[in-house]
Structure formats: structure tokens, C-alpha cells
Amino acid sequence: MIKASEIYKRFSTVEALSGVSLEVAKGEIVAIVGASGAGKSTLLQILGTLMPADSGSVQIAGTEVGTLSERQLAAFRNKHIGFVFQFHHLLPEFTAVENVMMPALIGGMDKGEAAKRAAELLDMVGLANRVSHKPVEMSGGEQQRVAIARALVCRPSVVLADEPTGNLDSTNRDEIQRLLMDVRERFDQTILMVTHDMSLAESVDRKIVMSDGRVL
Ligand SMILES: Nc1ncnc2c1ncn2[C@@H]1O[C@H](COP(=O)(O)OP(=O)(O)OP(=O)(O)O)[C@@H](O)[C@H]1O
Ligand SMILES: [Mg+2]
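One structure accompanies this document, and this report is about it. (Residues numbered from 1 in each chain as written. Chains lettered and ligands numbered in written order. Predicted model: local features only at pLDDT ≥ 70, side-chain atom pairs only at ≥ 80, totals over all residues. Heavy atoms only, no water.)

### Considering the overall build of the protein chain
Regarding its fold elements, the protein chain presents 7 helices and 10 strands. Against the globule reference of 17 Å for 216 residues, the protein chain gives a C-alpha radius of gyration of 17 Å, in line with a compact fold. When the backbone C-alpha atoms are referred to their principal axes, the protein chain occupies close to 45 × 40 × 30 Å. Sequence-distant contacts in the protein chain: of pairs separated by 6 or more residues, those separated by 24 or more amount to 72%. Summed over all atoms, the accessible surface of the protein chain reaches about 10,100 Å², with 50% contributed by carbon and sulfur. (Helix = DSSP H or I, 4+ residues; strand = E, 2+ residues; numbered from the N terminus. Rg over C-alpha atoms; globule rule 2.2 N^0.38 Å. Contact = heavy atoms within 4.5 Å. Areas by Shrake-Rupley, 256 points an atom, 1.4 Å probe, with all protein chains shown as cover.)

Here is the structure:
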């Protein structure tokens with residue numbers, strides 16, 4: 001589902017990525033680990049088509065993303081990539097169910113269908129009784145579960161998560177960890193995450209260790 005070859009990325013004097021190659025198979029959960037500044041978030045952003053590489057190729061679900069225009073990329077991201085970040089980036093003025101529906105509506109899904117799917121996903125993440133709450137009315141762990149539901153609503157080819165448990169206490173960390181495993185069981189979901197959470201990194205199928213812009 002993800003195939004990256006020889007990715008290079010430089011920010012002025014910093015070579016953030018120095019020839020990174022990796023592959024992730026369908027249904028695999030893979031964690032990228034490594035010291036601060038190793039290039040993990042940069043790599044995730046490039047794989048998520050949020051930032052172009054200087055050179056190298058990225059294929060997501062068989063599509064060479066470098067060949068897509070900005071407009072095509074936006075549609076591609078909506079359909080194929082679900083994002084979960086450390087700070088959940090929920091829209092503050094919308095309720096949980098509206099936040100989860102949003103990518104589906106942007107993707108052109110019928111409103112009734114989007115609402116149904118969002119309600120099912122919120123139920124799955126244990127928030128059936130929080131659908132009408134706004135982000136400020138939810139705990140950090142609850143907000144992160146909404147963000148996971150939102151990432152899944154378009155049934156993406158891959159979920160990319162940057163420190164999905166980074167901001168949470170140990171109880172909520174364990175819960176998000178269980179939830180990610182559950183998501184894979186149910187949907188055969190491919191998940192690539194960056195994490196400093198050793199318990200989470202030990203629970204996945206495979207770890208990729210990065211150092212100084214390279215995969216070790
Ligand atoms: N927009 C930018 N402009 C300049 N330098 C950048 C930029 N983004 C990242 N860098 C540099 O690139 C390197 C890799 O950064 P990156 O954010 O990918 O690290 P990371 O592995 O995610 O670290 P952390 O674990 O602290 O999140 C760092 O040295 C960082 O300072
Ligand atoms: Mg980072």
C-alpha cells in the first residue's frame with residue numbers, strides 16, 4: 001500500500017531525509033521510531049503527499065503520487081489517506097459527528113450516508129454518547145478517538161499517524177493502542193505511525209528505526 005524509494009529532502013542546510021526507502025503491505029501496522037530530528041515527521045508528510053520530496057518516488061495504493069497535480073492530490077488524499085496527528089486538529093466549532101463526517105462530505109458522499117458512517121465509527125471508538133459534543137467539551141483521549149474515527153470515514157487505503165498517543169496519559173495511551181489494533185482487525189487497515197511510545201512501538205507488526213535522515 002505504501003512504497004517509497006530513495007526519498008531525499010533538504011531544508012536549506014539540513015538534509016532531513018537522505019535516501020529513505022520503505023514498503024508497507026496491506027493490513028500491516030508499522031511504527032517509525034528514532035531520535036528527535038531523525039526525519040520521521042518529514043517522511044510522514046511526504047508519504048502523506050502534504051509536502052513534495054526533492055527526489056525519489058512515493059507510491060500509495062499503486063499510484064505514483066509525484067505525477068498528480070495539486071488538485072488531483074487533494075482528491076487523492078481525501079480518498080486514500082487518513083491522518084491522525086498528536087494535536088488532533090478537530091474543528092472547534094463543529095460537534096464530534098460533524099468533525100467525523102467532514103472528509104466524507106468533502107469527498108462528495110451523500111449527507112445521510114456520511115452521518116450514518118460517522119455514527120458507526122464514533123460507536124466503534126466508544127463515543128456513541130459524545131456525538132453532539134464539541135472538541136472543547138471532550139477530554140484529550142476522546143478528541144483523539146474522534147480524530148481516529150475521522151481518519152477512517154472515507155475508508156482510506158492508509159492511515160498515517162504522527163505520535164497518536166503523544167499527548168495522552170497512560171490509560172488513554174493504552175486505549176488508543178487497543179483501538180488501532182481493533183481498526184486493523186475490522187478493516188484490514190494499513191497503518192503507518194511515528195511514535196516515541198515504546199509500548200505502542202512494541203505492539204505493532206514491524207518497527208522501522210530512523211537516524212539522521214536514514215532508515216537503519
Ligand atoms: N520546515 C522546516 N524547515 C527547516 N528545517 C526543518 C523543517 N522541518 C524539519 N526540519 C529539520 O529537519 C530535521 C527532521 O525534522 P523532523 O520534524 O522530520 O524530525 P522528527 O524525527 O519528526 O523529530 P521529532 O521526534 O522531534 O518530532 C530536523 O533537523 C528539523 O530541524
Ligand atoms: Mg516529529
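### A few points about the site of ligand 1
Not every one of the 13 residues close to ligand 1 is listed here, only the nearest: Ser-36, Gly-37, Lys-40, Ser-41 and Thr-42. Within the side chain of Ser-41, one N or O atom sits 2.9 Å away from an oxygen atom of ligand 1. Between ligand 1 and the protein, one listed contact pairs an oxygen atom with a side-chain N or O atom of Thr-42 at 2.6 Å. For the shell around ligand 1, the secondary-structure elements that each account for two or more residues are strand 2 (14-24) and helix 1 (40-47). The residue inventory of the shell around ligand 1, partitioned by class, reads 5 nonpolar, 6 polar and 2 charged. (Near = heavy atom within 4 Å. Polar contact = N/O pair within 3.5 Å; in protein donor to acceptor, adjacent residues only side chain to side chain. Nonpolar A, V, L, I, M, F, W, Y, C, P; charged D, E, K, R; others polar.)

### Observations concerning the environment of Asp-169
Here Asp-169 lies in the loop between strand 7 (158-162) and helix 6 (170-187). A polar contact of 3.3 Å, which involves the side chain of Asp-169, links it to the backbone nitrogen of Thr-171.

### Comments concerning the packing of aromatic side chains
Counted according to the given criterion, the structure contains 1 aromatic pair. Aromatic pair Phe-83 and Phe-85: ring centres 5.8 Å apart, planes at 5 degrees, arrangement stacked. (Phe/Tyr/Trp six-rings, centres within 6.5 Å; stacked < 30°, edge-to-face > 60°.)

### Some thoughts on the side chain of Glu-142
In this fold, Glu-142 is placed in helix 5 (residues 140-152). Overall, Glu-142 belongs to the buried group, its relative accessible area being 13%. Polar contacts involving the side chain of Glu-142 include one to the main-chain amide nitrogen of Ser-139, which spans 3.0 Å. Leave out the neighbours within four places in its chain, and Glu-142 touches Leu-127 and Arg-130. (Buried < 20%, exposed > 50% of the residue type's maximum accessible area, 1.4 Å probe, protein only.)

### Things to note about the sheet that holds strand 5 (residues 63-64)
What the 4 strands build is an open sheet, ordered 2-1-4-5; its pairing is antiparallel. Across the chains shown, the open sheet's two edge strands, defined by having one partner strand only, are strand 2 and strand 5. Direction of pairing for strand 1 (residues 2-11) relative to strand 4 (residues 55-60): antiparallel, over a ladder of 5 bridges. When the bridges of strand 4 are listed, Ala-4 appears paired with Val-58. (Pairing = 2+ DSSP bridges.)

### Overview of the pairing of strand 8 (residues 190-194)
In the case of a regular strand, side chains alternate between the two sheet surfaces. Most of strand 8 is tucked away: 5 of the 5 residues are buried. Residues Thr-190, Leu-192 and Val-194 of strand 8 are buried on one face, and the alternating residues Ile-191 and Met-193, pointing to the opposite face, are buried as well. As judged from the 4 bridges shared by strand 3 (residues 29-34) and strand 8, these two strands associate in the parallel manner. The residue bridging Ile-29 from the neighbouring strand is Ile-191, located in strand 8. Across 5 bridges, strand 7 lies against strand 8 in parallel orientation. Looking at the pairing, Val-158 lines up with Thr-190 of strand 8. Read from strand 7 through helix 6 to strand 8, the crossover connection turns out right-handed. (Right-handed = clockwise from strand over helix to strand, strands pointing away.)

### Things to note about the sheet that holds strand 6 (residues 81-85)
In any sheet, the strands associate via hydrogen bonds between backbone groups, in a parallel or an antiparallel arrangement. Reading across from one edge, 6-7-8-3-9-10 is the order of the 6 strands in this open sheet, with mixed pairing throughout. One side of each edge strand has no neighbouring strand; the edge strands of this open sheet are strand 6 and strand 10 (214-215).

### Overview of the packing of helix 5 against helix 6
Between helix 5 and helix 6, the shortest axis-to-axis distance is 10 Å and the interhelical angle comes to 20 degrees. In this view, helix 5 runs roughly parallel relative to helix 6, as classed from their interaxial angle. Relative to helix 6, helix 5 is oriented so that their crossing is right-handed. Listed contacts from helix 6 to Gly-141, Gln-144, Arg-145, Ile-148 and Leu-152 of helix 5 are Asn-172, Glu-175, Ile-176, Leu-179, Leu-180, Val-183 and Phe-187. In terms of residue class, the contact of helix 5 with helix 6 is made up of 7 nonpolar, 3 polar and 2 charged. (Axes fitted to C-alpha atoms, helices over the stretch in contact; angles between N-to-C directions. Parallel < 35°, antiparallel > 145°, perpendicular 65-115°, else oblique. Left-handed = near helix turned anticlockwise from the far one by under 90°.)

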